[in-house]
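As a plain string of letters, each chain reads:
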Amino acid sequence: MAASVAAAARRLRRAIRRSPAWRGLSHRPLSSEPPAAKASAVRAAFLNFFRDRHGHRLVPSASVRPRGDPSLLFVNAGMNQFKPIFLGTVDPRSEMAGFRRVANSQKCVRAGGHHNDLEDVGRDLSHHTFFEMLGNWAFGGEYFKEEACNMAWELLTQVYGIPEERLWISYFDGDPKAGLDPDLETRDIWLSLGVPASRVLSFGPQENFWEMGDTGPCGPCTEIHYDLAGGVGAPQLVELWNLVFMQHNREADGSLQPLPQRHVDTGMGLERLVAVLQGKHSTYDTDLFSPLLNAIQQGCRAPPYLGRVGVADEGRTDTAYRVVADHIRTLSVCISDGIFPGMSGPPLVLRRILRRAVRFSMEILKAPPGFLGSLVPVVVETLGDAYPELQRNSAQIANLVSEDEAAFLASLERGRRIIDRTLRTLGPSDMFPAEVAWSLSLCGDLGLPLDMVELMLEEKGVQLDSAGLERLAQEEAQHRARQAEPVQKQGLWLDVHALGELQRQGVPPTDDSPKYNYSLRPSGSYEFGTCEAQVLQLYTEDGTAVASVGKGQRCGLLLDRTNFYAEQGGQASDRGYLVRAGQEDVLFPVARAQVCGGFILHEAVAPECLRLGDQVQLHVDEAWRLGCMAKHTATHLLNWALRQTLGPGTEQQGSHLNPEQLRLDVTTQTPLTPEQLRAVENTVQEAVGQDEAVYMEEVPLALTAQVPGLRSLDEVYPDPVRVVSVGVPVAHALDPASQAALQTSVELCCGTHLLRTGAVGDLVIIGDRQLSKGTTRLLAVTGEQAQQARELGQSLAQEVKAATERLSLGSRDVAEALRLSKDIGRLIEAVETAVMPQWQRRELLATVKMLQRRANTAIRKLQMGQAAKKTQELLERHSKGPLIVDTVSAESLSGAMPTFTAEAWALAVCSHMGGKAWGSRVVAQGTGSTTDLEAALSIAQTYALSQL
C-alpha cells in the first residue's frame, strides 16, 4: 500500500510541478478551518512567529535586481542575498557576517534565465513571474534538522491551523553513485512529530537534493506537501514548503565534501500558502490578486473573471486577466527597484513583460489607452505596506508604464495587420514565413518580440517556419559581430564605377540631416522623427544597378533623404526599417547604412517588390540609436576626463562604439595606474551626475582653428563642421577669448549624441591594454551595464576580504589549507575574467596573488610539520630493527606542489649517479651507481628543500 501511494504521489507531484494548475478540484474549501486572515496577516504571522517565538532577526527583502551576481537576471529565491554566507565569502566586518538566525519575505522574479515562468503565466491557475518567498535561515550550525522541522510543523499546524492529516512529507532517499546515504535522521524527526509513515515518502536527488549551482554548498532537502483532495480519492499533492540542509560542498571535480559549517535554508511561496489558508482553488482567487482582477474588469468593462483555463476559456478572457494581473505586479516591483524596460539583460525581459501585458489587455480585454498605468495604485495598495519602495515610487512607475504602453500600441496594431495580411496569402498547410516574422522583430522599440509573434500565430493555429527563423537568427548574429568593429567596404558597396555613374546621371548626394531630428519629451524619454524619402537607385548584392528588386531579395537602396546614421566617426550604423507610402503594413528591414562618396547606401531585405521612384518612410530602431547616442556622449566625456587626469598631451587615436560598449584609443606616456583609471571614472561620473546640456551646432570650419582645448582628430572635416559641446553653448565655447574648451568637452563630431549627460547613467572602464608603446586601448560600458560591473566588483572585493580573513586565522591541517588555496585560485580566475572596474581588478589581483603565495607557504609549512611529526612517530614505533615497514598517507600530496613529485625527486638523485628513475607523483624508484652515498643524500636534501 505504501509503495503504491508513494508511486502515486510521485506521479502527482511531478505533474503538479510541471503545470501546477490545480485543475479539476471539487469546490469545497481546501481547509476545514474557518476562512483565514488576509495575505498581509499571513505574511506578518510568519515573520512574527520566527522573531517572537524563535529569536530570528527580521531582514528586509533584497532588491529583485541582483547585486554583484552576474549569474542571475533577477533575484529568484530568498537565499540569493545570503549566498556570501553559504560560499564563505562574506566580509567578516559586514553586518551580514553576524547573522545567525534570520527570516524575511523576499520579492522574487522568475522570468528569463534558468528559472523562467513567463510563457506559462496565464495558461494555468498558479504560475507567476513575481512572487513572494517566505523563508527562515540558520547559519553556521545555529540550528539544524530537528529544530527546522519542529518550527515548520509548529507554524503550519498550530499557528496557521492546517489539519495535520492534509500534510505529506518527502525526504532524501540517498544517492549510491555519489556515496550519499538516505537522510534517515530527517525521516525519524517527522515520524517523531506524529506524521504517519504512510505520508513520509522518500525520493532521489532529482527531487530531494538541492544544489546552488554546478559547484558550491548543497545538501538534502525535505518538502512539506499539501493534499488538495483532503483524503477523498487519490492524493493531489502540491509543494508548500522546502527545507534545505546545506551540509556538503560540490567541488569543481564533481565530488562532494563536508561543509565546515552547516546551514538551514527554507522557502515557502506566500501566494500558494495564502490560497491554502483562504480555501481558494487558485492563487489568483486570493486577496493578493482579487483587487487587481476587480480593477481590470472595471477598467475594461470585460466579462467577470471566472478562473477558466484551456478550451473552457472561450476568447481567452480569463487568461488575459491572469497575464495582466501578474505582469503589472512584476512591472511595479521591478521599476520600484530600479529596473526599467530597455534593450538588453533584465531591462529587455521587463520590456517583453510590459508588451505582453499591453497585447493581452488591448486585444482581448479591449482596454482603453493608458489602462496599465491605472493599475499601479492597486498594486501599491496590496503590496506597499510590505515593500515601502512601491509607495515611494508609485508615480514614477505609473508614468513609465503608461509611456511605454503608448509607444507600443501603434506597432502592436501594425504588427497585427501585417500578420493578418500575410495569413490571407497562405494556403491551409503553409507555415508562416520566417522573413515576415523576422522583419517584425528587427524593428527594435517599434516592433514585436519574436516570442510574441509566435504566440499570436499559435492563437490562430498557424505554425512558424522555425528553421527559416534559425537561419535568419544566425545571419543577424554574424551581422552583429561585423558591427562590433568598424568595417570598410563590407557587404554591399558602391565602387568607383558605380559612383561615377551616379555623378554622370546628376544624382545629388544624400541629405542625411534628418538623422539629427530628435528631441526630449518632458518625461525624459526621446522622440525620434520619421523621414519621408524617394528611392533613387537600387542595387543587387553584387552591386548591379536595377530598376526593381523582388520578394526576399537583399538589396542596396539610395534615397534622396534619410534619418539613418551611416557608420562613420567610430559610431556604429543605425538599423530599423522602411515602409512604402500607402502600404504601411509591409516592413523592409534595414540592417545597416554606410557612406559611399557622399551617398548613403541602405542595406535592406525586400519582403515585396520595390521600384525606383517609390515613396518610402524610414524608421530608426530607437533603442539601438539611443544606445549609440549614450555611448558616443560617454566617449567624449571619457576623452575629456583623460586629458583632465593625464594632461593635455593625451590625444585620441581612434574610437568605436555600439550600444553594448565603447572603445577608445589614446596616447599615453606610460600605462595607466589603478589610481588614474579610478580618477578618470570619477571625473566622468561627476559630469554625468550634473546632467549637463549637450549643445550641437554647425559652424564654419575656420571658426574652430584657434580655439584652445578644442578636440579634433587628424582627419579632414567638412565645412561647415558640427561642434559638440558639453555644458557650454557652442558660440561661447568657440569665442577666442573664452577658455571654455579647456574646462569641458568640446569636439568636432558628426555623430548623434544625448541632449543631456544624465542619460549616460554611469561609466566604468572594464579593460585596458597597450596597443603599442605610447598607445592605450580602453574598453568601457555605461548605464545598467556599468552599475552591474560596479556591483560585481564590490562582490569580488568582499570575497577577497573574506579570503584574507580565512588566511589570517590559519588552517588546522593540510586538507583545510589546500581547500583555501583552491578557493583562492578560483577567486583569481573570477577576478581576471569578470566584467568589473579595471582599476579594481588590478588592485584585487595584486592582493589575491599575494594571498596565493602566502597560502602556498602555509601549506608547505604544514606539510613539513606533518612530515616531521610522522617521521618521529615512525622512529618511535620502530625503534628497533634494521628497517621500517609501515604506511604513510599520501592524501596531502593530492593538491599541493605539483612540481615536487616522487618521480622528479628520484630522477634528480639517480641521474647524478648515472642512473634512471621512474614512478608516479607519490612513489618512485630508481637505479644508479656511486661511491659517495653522502653526496647522493646531500643532493636529495638540496633538491627537496629547493622545491619546498
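No experiment lies behind these values; they were computed from the predicted model shown. (Residues numbered from 1 in each chain as written. Predicted model: local features only at pLDDT ≥ 70, side-chain atom pairs only at ≥ 80, totals over all residues. Heavy atoms only, no water.)

Peer 1: Talk me through the overall build of the protein chain; I want residue IDs and the actual numbers.
Peer 2: What the protein chain contains, in helices and strands, is 27 helices and 29 strands. When its C-alpha atoms are laid out on the principal axes, the protein chain stretches across 110 × 90 × 55 Å. With 948 residues in all, the protein chain has 52% of them scored as buried. Put simply, 72% of the contacts in the protein chain that link residues at least 6 apart link residues at least 24 apart. (Helix = DSSP H or I, 4+ residues; strand = E, 2+ residues; numbered from the N terminus. Buried < 20%, exposed > 50% of the residue type's maximum accessible area, 1.4 Å probe, protein only. Contact = heavy atoms within 4.5 Å.)

Peer 1: Go over the confidence of the model for the protein chain with me, naming the residues and quoting the values.
Peer 2: Per-residue confidence for the protein chain gives a mean pLDDT of 87; residues scoring 70 or more make up 92%. Scored below 50 in pLDDT, residues 1-6 makes four contacts in the model with residues more than four places away or belonging to other chains. A low-confidence stretch, residues 11-34 stays under pLDDT 50, and its non-local contacts, those more than four residues away or across chains, total 66 contacts. (pLDDT = per-residue confidence, 0-100.)

Peer 1: Residue-level account of the packing of aromatic side chains, with values.
Peer 2: By the definition in use, this model includes 16 aromatic pairs. Plain terms: the ring middles of F82 and F99 are 6.3 Å apart, the flat faces sit at 70° to each other, and that makes the pair edge-to-face. Taken together, the residues span a long stretch of sequence, with F82 in the loop between strand 1 (57-58) and helix 3 (83-87) and F99 in the loop between helix 3 and strand 2 (101-109) at a distance of 17 residues. By relative accessible area, which is 7% here, F99 ends up buried. Put simply, the rings of F82, F86, F99, W137 and F139 touch in pairs and so form one group of aromatic residues. The lysine or arginine in question, R359, covers the ring of F360, its NZ or CZ lying 4.9 Å from the ring centre. (Phe/Tyr/Trp six-rings, centres within 6.5 Å; stacked < 30°, edge-to-face > 60°. Lys NZ or Arg CZ within 6 Å of the ring centre and 35° of its normal.)

Peer 1: Explain the nonpolar core to me, using residue names and the numbers behind them.
Peer 2: One finds L156, I162 and W241 to be the most contacted residues of the largest nonpolar core, which totals 120 residues. Judged by nonpolar contacts, the second largest core, of 54 residues, contains V549, A566, V680 and L763. (Core = buried A, V, L, I, M, F, W, Y, C linked by side-chain atoms within 4.5 Å.)

Peer 1: How would you sum up unusual backbone geometry? Please name residues and give values.
Peer 2: P720 follows D719 through a cis peptide bond whose omega is 10°. Along the chain, P720 falls in the loop between strand 23 (694-699) and strand 24 (721-726). Backbone geometry at K366 places phi at a positive 55°, although glycine is not the residue there. With respect to the secondary-structure elements, K366 resides in the loop between helix 10 (345-364) and helix 11 (371-374). By relative accessible area, K366 is classed as exposed at 60%. In the Ramachandran plot, D691 falls in the positive-phi region, its phi being about 50° despite a non-glycine side chain. You can see D691 is positioned in the loop between helix 20 (674-689) and strand 23. For D691, a relative accessible area of 30% translates into the label partly exposed.

Peer 1: Tell me about the environment of G338, and please be specific about residues and values.
Peer 2: Relative to the helices and strands, G338 resides in the loop between helix 9 (317-336) and helix 10. Classification of G338 by relative accessible area gives partly exposed; the value is 28%.

Peer 1: Residue-level account of the pairing of strand 2, with values.
Peer 2: Summarising burial for strand 2: eight of the nine residues are buried, a large majority. Judged from the two bridges that link them, strand 1 and strand 2 form a sheet pairing that is parallel. The partner of L58 across the bridge, within strand 2, is A103. (Pairing = 2+ DSSP bridges.)

Peer 1: Before we move on, can you summarise the packing of helix 9 against helix 10 with the specific residues and values?
Peer 2: Here helix 9 crosses helix 10 at 145°, and the two axes come no closer than 9 Å. Here the hand of the crossing between helix 9 and helix 10 comes out left-handed. Every residue of helix 10 that contacts helix 9 at T317, T319, A320, V323, V324, H327, T330, L331, C334 and I335 is listed here: L350, I353, L354, R356, A357, F360, S361 and I364. Grouping the constituent residues of the contact of helix 9 with helix 10 by class yields 12 nonpolar, five polar and one charged. (Axes fitted to C-alpha atoms, helices over the stretch in contact; angles between N-to-C directions. Left-handed = near helix turned anticlockwise from the far one by under 90°. Nonpolar A, V, L, I, M, F, W, Y, C, P; charged D, E, K, R; others polar.)

Peer 1: Break down the environment of V102 for me, with residues and values.
Peer 2: Looking at where V102 falls in the secondary structure, it is placed in strand 2. Put simply, V102 and F50 are 52 residues apart on the chain and 8.1 Å apart in space, counted from C-alpha to C-alpha. Excluding anything up to four places from it in sequence, V102 contacts H56, R57, V59, F82, G135, N136, W137 and F139.

Peer 1: I'd like a rundown of the sheet that holds strand 21 (residues 652-657), residues and numbers included.
Peer 2: Spatial strand order, 21-22-27-26: four strands in an open sheet with antiparallel pairing. At either margin of the open sheet sits one strand with a lone partner, and together these are strand 21 and strand 26 (763-772). Strand-to-strand twist across the sheet, computed as the mean angle between neighbouring axes with direction ignored, equals 15°. In this sheet, strand 27 (residues 775-782) lies alongside strand 22 (residues 662-667) in antiparallel orientation, the contact comprising six bridges. Looking at strand 27, one finds that L664 is bridged to L778.

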